[in-house]
Structure formats: C-alpha cells, structure tokens
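Here is how the chains run, residue by residue.
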Number of protein chains: 2
Amino acid sequence: MKARVHVMLKNGVLDPQGAAVRRALGTLGFEGVEKVRQGKIIELDLADGTTEDTVKDMCEKLLANTVIESYSIELV
Amino acid sequence: MKARVHVMLKNGVLDPQGAAVRRALGTLGFEGVEKVRQGKIIELDLADGTTEDTVKDMCEKLLANTVIESYSIELV
C-alpha cells in the first residue's frame, strides 16, 4: 500500500525558501506572483495493513516538525 | 487564484533523502517501510487570469529541474 504525506509550514511561519522562489520568478520576468509557499511531499510504500495511525505516528516522530509544520495524510 | 505544483524525482533517479528517511523510520522502530520518495509542493498565489501555460513555463524555467524531476500542476 502507499501513503502520501503533505507537509507545509504553518500559516504565519516565515518561509524564506518561498520568498526566494518568488523573487527568482520576478527576476525571470513572471509578473503577478503574489505569494509562494514551499513544502514537502513524502511518498511511502508500506507493507499491507499499515494503519493511518502508524503513518500519523511517523509524521509526529520524524516526517514533520509539528512545532512549525502541519501535515496531511493520504492513503493511496 | 492559486496553483499547486508537485515536483518529484523521476523514477530511476536515486533519492538519497528518501533513503535516509527510510533508514530513520526503521531506527525509530517502524517496520514495513519498503520505499520512501520525497518531493516538493509549491503553492503559488497568482494574479487572476494567470494561465496554466505560464505556470508550466515557471516549472520549466525554475521550479523543477526537468532533467531529473517531473512536475504536475493543479490550478485550485
């Protein structure tokens, strides 16, 4: 089975990477880019029967820094 | 308007970051983690009327390294 975890910075947390991408897009001549936020996608191939709680535990312990990041889990 | 770009390494391209996450999950006692692939999500707040072609152009020029990465665009 597959699980897909989306990890994004929480709103209000400064995103220097996103700001850098926004500046670079402007330099390349792209107009109208108001805001850029960058996060992670983690695709996990897991043994059948792995529960969403286990994936949640993986997020809490390793995949996301829950102080500044929020995550969502998608079982595929 | 919003666009969401998912950037992942192409199949067959070595993913050291994914391998490191997999090892770390094993060290934390999580069993049955067969494979881990890590990519990027880029959320763009764009001026209304920005076309998918423009977002595609952003991907080709900056957001993805098309030699080793593939991307998908979602207009939200």
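Residues numbered from 1 in each chain as written. Chains lettered and ligands numbered in written order. Predicted model: local features only at pLDDT ≥ 70, side-chain atom pairs only at ≥ 80, totals over all residues. Heavy atoms only, no water.

Caption draft 1: Just the packing of helix 2 (residues 52-63) of chain A against helix 1 (residues 16-27) of chain B, in detail. Two elements in contact, helix 2 of chain A and helix 1 of chain B, have axes separated by 11 Å at closest approach and are oriented at 105°. When the axis of helix 2 of chain A is compared with that of helix 1 of chain B, the two are roughly perpendicular. For the pair formed by helix 2 of chain A and helix 1 of chain B, the contact residues are Met58, Leu62 and Leu63 of chain A on the first element and Val21, Ala24 and Leu25 of chain B on the second. The class makeup of the residues in the contact of helix 2 of chain A with helix 1 of chain B is 6 nonpolar, no polar and no charged. (Axes fitted to C-alpha atoms, helices over the stretch in contact; angles between N-to-C directions. Helix = DSSP H or I, 4+ residues; strand = E, 2+ residues; numbered from the N terminus. Parallel < 35°, antiparallel > 145°, perpendicular 65-115°, else oblique. Contact = heavy atoms within 4.5 Å. Nonpolar A, V, L, I, M, F, W, Y, C, P; charged D, E, K, R; others polar.)

Caption draft 2: Molecular detail of the side chain of aspartate 15 of chain B. Residue and element names in this part refer to chain B. Among the structural elements, aspartate 15 can be located in the loop between strand 1 (2-9) and helix 1. This buried residue, aspartate 15, is left without a salt bridge; arginine 37 holds the nearest opposite charge, at 4.7 Å. When near neighbours in sequence (up to four residues on either side) are disregarded, aspartate 15 contacts Leu9, Val36, Arg37 and Gln38. (Buried < 20%, exposed > 50% of the residue type's maximum accessible area, 1.4 Å probe, protein only. Lys, Arg positive; Asp, Glu negative; His and termini not counted. Salt bridge = Lys/Arg side-chain N within 4 Å of Asp/Glu carboxyl O.)

Caption draft 3: The sheet that holds strand 2 (residues 33-46) of chain B, seen in detail. The 6 strands lie next to each other as 3(A)-1(A)-2(A)-2(B)-1(B)-3(B), forming an open sheet whose pairing is antiparallel. The sheet is open, and its two edges are formed by strand 3 (69-75) of chain A together with strand 3 (69-75) of chain B, each paired on a single side. Direction aside, neighbouring strands of the sheet carry axes that sit 20° apart on average. Here strand 2 (residues 33-46) of chain A pairs with strand 2 of chain B via 13 bridges, running antiparallel. Within strand 2 of chain B, the position partnered with lysine 40 of chain A by the bridge is lysine 40 of chain B. Packed on one face of the sheet, helix 1 (residues 16-27) of chain A meets strand 2 of chain A together with strand 2 of chain B and runs near 125° to strand 2 of chain A. (Pairing = 2+ DSSP bridges.)

Caption draft 4: Region of interest: helix 2 of chain A. Spanning 12 residues, helix 2 of chain A covers only 14 Å between terminal C-alpha atoms, well under the ideal 16 Å at 1.5 Å per step. Where helix 2 of chain A is concerned, the buried positions are Val55, Met58, Cys59 and Leu63 of chain A. Along the axis of helix 2 of chain A, the buried residues cluster in a sector spanning 100°; they form a single face. In this structure, the buried residues of helix 2 of chain A make contact with strand 1 (2-9), strand 2 and strand 3 of chain A together with helix 1 and strand 2 of chain B. (Expected span 1.5 Å × (residues − 1). Arc of directions from axis to C-beta.)

Structural measurements only, silent on function.
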